[in-house]
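Results of the structural survey
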Amino acid sequence: MSVAATSAKFKENAHEALTDARLQGAMSFSRNFVGRRAAAAARLPEFEALRDSAKAIKDHTLTHLDLYLEAYEHKVRASGGEVHYAQDAEEARKIIIELCKSMGAKSVTKGKSMIAEEIGLNDALEAAGIEPVETDLGEYIIQLRHEAPSHIIAPAIHLTARDVEQEFRKAHRDLLPDRSLKEPEQLLAEARQVLRAKFLAADVGITGANFLVAETGTSIIVTNEGNGDLTQILPQAHIVIASIEKIVPTLEDAAQLLRVLARSATGQDASVYTTLSTGPRRPGDPDGPRAYHVVILDNGRSAMLGGEFEHMLRCIRCGACMNHCPVYQAVGGHAYGWVYPGPMGAVLTPSLIGVAEGGQLPNASTFCGRCEEVCPVRIPLPGMMRHWREREFERRLSPAPMRYGLGFWAFFASRPGLYRMATGLAARVLHLAGRNKGRFASLPFAGGWTRYRDLAAPQGATFQSQWRSRSGAVR
Amino acid sequence: MSSRAAVFASIRRSLGVTGDEATRRFDVDMRLKQAPPGIVPKRGQGDIPARLATFKAEAERAQASVTEVREWADAPAEVARFLRENNCPATLRMGDDPRLADMPWSETTLEILRGPSDGGDLNAVSAAFAGVAETGTLALVSGPDNPTTLNFLPDNHVVLLPREAIEADYEGVFARVRSVYGKGEAPRTLNFITGPSRSADIEQTLLLGAHGPRRLHILVVG
């Protein structure tokens, strides 16, 4: 079982988030992403063509995934590394903990990994008596708060500098209590100092992977802080945890994807550190890990291949969809209740944890389509959310008022004569009732609407009848 | 059934394949052999002076500083100047790269330390494997010549980059990797570095010097 979800309570979570003034203040910082991505895309004339290329590479790889995995595995072994397969989260945790125990590990540094979040790795390590230390600044902050990330590339985006100061004062008790932590620079310097000692003391380093390259057996990580690199070069062993769809055929293919990844994510032309790792320390190497393991996780993904949700396996986790999503921007990532928030989370979560648990999330969309417009690998996110809504409805998982309402509407909509008569009557009645003010401040059965805004009174004729008389006039 | 077999079986069931299809195997083998380049941005292309100009502009956009020296022998004085002007201590760690070893460090007052870093060093110098004009990026490879720890642990990282090693794009660096390490092979660690370390995790404010170097100074040689 993967990490526990509260996605089924999305509606309650979202209401809570909307009334949380602190969260709403913090979320205002996340709006910078939109302009930065647009500027980076505008600077590169080939950007749209690169998106097509990135999509084509992912589609090609997915339809040949078994063969590329074989090729990748062969190259990792040839370079002195080991490959382990995990069918689900529990198996992945078990493999990693056994590896750590076999090396006598007491402390483990971690580069930011969404797969590690998905399998609930930190709790499992702690339960096994091994201290996990998150080293990405955002991940470190939320680890101190025992929280899940609220964004896939900016995990602490729901927090303000004052929240961070509070956590640091609580956690770093051995530092001077009257030190100044007013400026973000001071917070960063403190985290650097505290984590530097943890890096040097760690027995094992665990990172995720942005890409696994079949041609060379290489894992690639992308960071701006350099934390992923210190995580993997200082300890005696480097463990990579990655899901099956991270495979790309060649270094050239990785370069195509890297060109759209950083621009779509942070609006940088390139992230500061793009690191390609192939096997453990070689003869003569004065540094680097002595052991190199890759744990490849399925956890429901292989079942998505060949089906209507296969598109989702192209995702390179840039976060552009959530940065451009009006729903995500309003409620933040925690409301989504599991590991992956925003539009990509709304599609992926029901695939990975089931429609009963995650089926509420595809409703968290206005279908404005911005996510699909900015997705670097052109995933049709709104279309797939629509597929999930259909499935939720078919399986009678949507709330009863919604099902009855849709049934009621479908009854009229499939009987045009009756529909015209009923809407014509309603339009006339509402027109007469609202003719004084021209709007309604409250209406029976529509309290959810009128609580936040007025309903304009109809003008007396339906759209259909107005259209008929107008098109008649044109003819 | 092993987990490996179960994962492969599930992938093949979903794709409706056995894994033995000759055409699929052929397509995969060809792609791995040919490594087609895809869309390569024009931005980095051009002769060496054009690539150097793009490299410099892009590296500076990423908050690295760039200077040029004519000869390898001119580098120590320039490294010493950079450290002095930034009030850095006069110590410098480096690996066994012969290009670095042959330079006249004794003409400076710098104390030279050799080998990987244990985290106690403030300054390090490395020699790059290549550069990428497209994004102002350095490519460094692991090994005794340029230990990977030097790229991340010190506060100030100076990197020497031969002018003729500035490739237009990443594909150019991969071609160099294949010519040095062989087709399908790669160094243990290949670091692409674009500017100094940074984080924007606190209120989306960009700050330099997160876990890696606070300053990245590039000396183009030649």
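Rules of the game
- Residues numbered from 1 in each chain as written.
- Chains lettered and ligands numbered in written order.
- Predicted model: local features only at pLDDT ≥ 70, side-chain atom pairs only at ≥ 80, totals over all residues.
- Helix = DSSP H or I, 4+ residues; strand = E, 2+ residues; numbered from the N terminus.
- Contact = placed C-beta atoms within 7 Å.
- Pairing = 2+ DSSP bridges.
- Domains from an automatic or database assignment.
- Axes fitted to C-alpha atoms, helices over the stretch in contact; angles between N-to-C directions.
- Parallel < 35°, antiparallel > 145°, perpendicular 65-115°, else oblique.
- Left-handed = near helix turned anticlockwise from the far one by under 90°.
- Nonpolar A, V, L, I, M, F, W, Y, C, P; charged D, E, K, R; others polar.
- Expected span 1.5 Å × (residues − 1).
- Buried ≥ 20, exposed ≤ 12 C-beta atoms within 10 Å, placed from the backbone.
- Core = buried A, V, L, I, M, F, W, Y, C linked by C-beta atoms within 7 Å.
- Arc of directions from axis to C-beta.

Our focus in this paragraph is the overall build of chain A. The secondary structure content of chain A amounts to 23 helices and 12 strands. Seen along its three principal axes, the alpha-carbon backbone of chain A occupies a region of about 90 × 60 × 45 Å. For chain A, the proportion of contacts with a sequence separation of at least 24, taken over those separated by at least 6, is 75%.

Let us look at the overall build of chain B. On a plain count of helices and strands, chain B comes out with six helices and 12 strands. Taking as baseline every contact in chain B between residues at least 6 positions apart, the subset at least 24 positions apart corresponds to 73%.

Counting residues at the interface gives 65 residues for chain B, matched by 77 residues for chain A. Within the residue set of the side of chain B that touches chain A, elements represented by two or more residues are helix 1 (3-15), helix 2 (22-34), helix 6 (170-181), strand 9 (189-193) and strand 10 (198-199) of chain B. As judged from the five bridges shared by strand 9 (residues 273-277) of chain A and strand 9 of chain B, these two strands associate in the antiparallel manner. In the strand pairing of strand 9 of chain B, Leu276(A) is matched with Leu190(B).

This part covers the domain arrangement of chain A. You can read the domains of chain A as domain 1 (65-302) and domain 2 (404-474). Computed from C-alpha coordinates alone, the two centres of domain 1 of chain A and domain 2 of chain A are separated by 55 Å.

Residue and element names in this part refer to chain A. Ordered in space as 1-10-7-4-2-3, the six strands form an open sheet in which the pairing is parallel. Edge strands, defined here as strands with exactly one partner in the open sheet, are strand 1 (82-86) and strand 3 (131-134). Taking each pair of neighbouring strands and ignoring which way they run, the sheet shows an average axis angle of 25°. The sheet contact formed by strand 7 (residues 237-243) and strand 10 (residues 291-297) spans seven bridges and is parallel. Opposite Ser-243, over in strand 10, you have Leu-297 as the bridge partner.

The eight strands are arranged 8(A)-5(A)-6(A)-9(A)-9(B)-6(B)-5(B)-8(B) in an open sheet whose pairing can be described as mixed. Whereas interior strands pair on both sides, the edge strands pair on one side only; in this sheet they are strand 8 (247-248) of chain A together with strand 8 (166-167) of chain B.

This next bit is on the packing of helix 5 (residues 65-78) of chain A against helix 2 of chain B. Packed helix pairs are characterised by how far apart their axes lie and by the angle those axes make with each other. Remark: helix 5 of chain A packs on helix 2 of chain B, axes separated minimally by 10 Å, with the N-to-C direction vectors making an angle of 45°. In terms of orientation, helix 5 of chain A and helix 2 of chain B fall into the oblique class. Note that helix 5 of chain A runs across helix 2 of chain B; the crossing there is right-handed. The residues of helix 2 of chain B that touch helix 5 of chain A, namely those facing Leu67(A), Tyr68(A) and Ala71(A), are Arg24(B), Arg25(B), Val28(B) and Leu32(B). Classifying every residue of the contact of helix 5 of chain A with helix 2 of chain B by side-chain character gives five nonpolar, no polar and two charged.

The next point concerns the environment of Cys325(A). Residue and element names in this part refer to chain A. Looking at where Cys-325 falls in the secondary structure, it is placed in the loop between helix 14 (320-323) and helix 15 (326-331). With 96 residues separating them along the chain, Cys-325 and Met-421 place their C-alpha atoms 39 Å apart. Leave out the neighbours within four places in its chain, and Cys-325 touches Gly-342, Pro-343, Arg-370 and Cys-371.

Once that is clear, we can look at helix 13 (residues 251-265) of chain A. Residue and element names in this part refer to chain A. Helix length check: helix 13, at 15 residues, gives a terminal C-alpha distance of 21 Å against a target of 21 Å (1.5 Å per residue), a fit within 8%. Helix 13 sits mainly inside the fold: 15 of its 15 residues count as buried. Just downstream of helix 13, Gly-267 is the residue with a positive phi angle, here 80°.

Before going further, it helps to examine the nonpolar core. Core analysis: the biggest nonpolar cluster contains 180 residues, and Ile241(A), Leu257(A), Val295(A), Ala128(B), Ala139(B) and Leu161(B) have the highest contact counts within it. Counting residues per element, this core draws most heavily on helix 13 of chain A, at nine residues. Ignoring sequence-local partners within four residues, the contact set of Ala128(B) consists of Leu138(B), Ala139(B), Leu140(B), Val159(B), Leu160(B), Leu161(B) and Ala165(B).

For helix 2 of chain B, spanning 13 residues, the distance from its first C-alpha to its last is 18 Å, which sits close to the expected 18 Å at 1.5 Å a residue. Every buried residue of helix 2 of chain B is listed here: Val28(B), Arg31(B) and Leu32(B). One side of helix 2 of chain B carries all its buried residues, which in axial view fall inside an arc of 95°. Summarising the geometry of helix 2 of chain B, the exposed residues directed more than 90 degrees from the buried face are Ala22(B), Thr23(B), Phe26(B), Asp29(B), Met30(B), Lys33(B) and Gln34(B). Looking at the packing, one finds that the buried side of helix 2 of chain B touches helix 5 of chain A. Following helix 2 of chain B by one or two positions, Ala35(B) adopts a phi angle in the positive range, close to 45°.

Non-glycine residue Arg378(A) carries a positive phi angle of around 50°. Residue placement: Arg378(A) occurs in the loop between helix 18 (370-374) and helix 19 (381-394). Using a count of 18 C-beta atoms within 10 Å as the deciding quantity, one classes Arg378(A) as partly exposed. Phi at Glu203(B) is positive, roughly 50°, even though this residue is not glycine. With respect to the element layout, Glu203(B) can be found in the loop between strand 10 and strand 11 (207-208).

Residue and element names in this part refer to chain A. Mapped onto the secondary structure, Tyr-292 falls in strand 10. Residue Tyr-292 is classed as buried on the basis of its 25 C-beta neighbours within 10 Å. In this structure the C-alpha to C-alpha distance between Tyr-292 and Pro-280, which are 12 residues apart in sequence, comes to 5.0 Å. If we skip the residues at most four places from it in the chain, Tyr-292 touches Gly-80, Gly-81, His-238, Gly-279 and Pro-280.

This part is about the pairing of strand 4 (residues 123-127) of chain B. Moving residue by residue along a regular strand, the side chains alternate between the two faces of the sheet. Residues and elements named next belong to chain B. Most of strand 4 is tucked away, with five of its five residues classed as buried. Neither face of strand 4 is open: one carries Asn-123, Val-125 and Ala-127, the other Ala-124 and Ser-126, and all of them are buried. The pairing of strand 4 with strand 7 (residues 156-162) spans five bridges and is parallel. For Ala-127, the partnering residue across the bridge sits in strand 7 and is Leu-160.

A word on the packing of helix 13 of chain A against helix 6 of chain B. Direction vectors running N to C along helix 13 of chain A and helix 6 of chain B enclose 155°, while the axes themselves pass 10 Å from each other. Between helix 13 of chain A and helix 6 of chain B, the interaxial angle falls into the category roughly antiparallel. For the crossing formed where helix 13 of chain A meets helix 6 of chain B, the hand is right-handed. Packed against helix 13 of chain A, whose contacting residues are Leu251(A), Glu252(A) and Ala255(A), the element helix 6 of chain B presents Tyr170(B), Glu171(B) and Phe174(B) at the interface.

Residue and element names in this part refer to chain A. Secondary-structure assignment places His-324 in the loop between helix 14 and helix 15. Sequence separation of His-324 and Val-374 is 50 residues, and the distance between their C-alpha atoms is 7.9 Å. In this structure His-324 touches Val-34, Arg-370, Cys-371 and Val-374, once residues within four positions along its chain are discounted.

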